[in-house]
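Per-entry structural report
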Amino acid sequence: MAHTKCTFIAIKPDGIQWGLIGDIIKHFEQKGFHLVGMKFLRASKEHLKQHYVDLKDSPFFAGLVKYMNSGPVVSMEYHSWQ
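What comes next concerns the included structure. (Residues numbered from 1 in each chain as written. Predicted model: local features only at pLDDT ≥ 70, side-chain atom pairs only at ≥ 80, totals over all residues. Heavy atoms only, no water.)

1. Things to note about the packing of aromatic side chains
Think of a pair of aromatic rings as described by two things: how far the centres are apart, and how the planes are tilted against each other in angle. To keep it simple, the criterion reads: Stacked, edge-to-face and tilted labels apply to pairs of Phe, Tyr and Trp rings (six-membered ring for Trp) whose centres lie within 6.5 Å, assigned for plane angles under 30 degrees, over 60, and everything in between, in that order. Secondary structure counts use DSSP, requiring at least four H or I residues in a row for a helix and at least two E residues in a row for a strand, with both numbered from the N terminus. For the exposure calls, accessible area comes from a 1.4 Å probe over protein chains only, and a residue counts as buried if that area is under 20% of its type's maximum, exposed if over 50%, partly exposed in between.
Evaluation of the coordinates by the stated rule reveals three aromatic pairs. Residues F28 and F33 carry aromatic rings whose centres are separated by 5.7 Å and whose planes lie at 80° to one another, so their mutual orientation is edge-to-face. Considering the side-chain rings of F28 and Y78, the 5.5 Å spacing of their centres and the 35° angle between planes classify their relative orientation as tilted. Of the two residues, F28 sits in helix α2 (residues 21-30) while Y78 sits in strand β3 (residues 73-81), which places them 50 residues apart along the sequence. For the pair shown, F28 and Y78 are each scored as buried. In textbook terms, an aromatic cluster arises when at least three aromatic residues are bridged by ring pairs, as seen for F28, F33 and Y78.

Keep in mind that these numbers describe shape and distance, not what the molecule does.
Here's what the structure looks like:
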């Protein structure tokens, strides 16, 4: 029996600004992933700090949080079967 694998994909602010949402979705669907959920949002700094908590000691952490908070993101959940 096949096992379902869940994958999180985020389209960052520049990907949205460049109009790449449709191309990115198409790419993952062509690779056999199945989109099961998608949300267009503006993540708060607090949410981003928690999401990237494993990078909190990195010198680029503050810049990453600022960049990801600079515009909307698209978060998606994909499933694939293995």
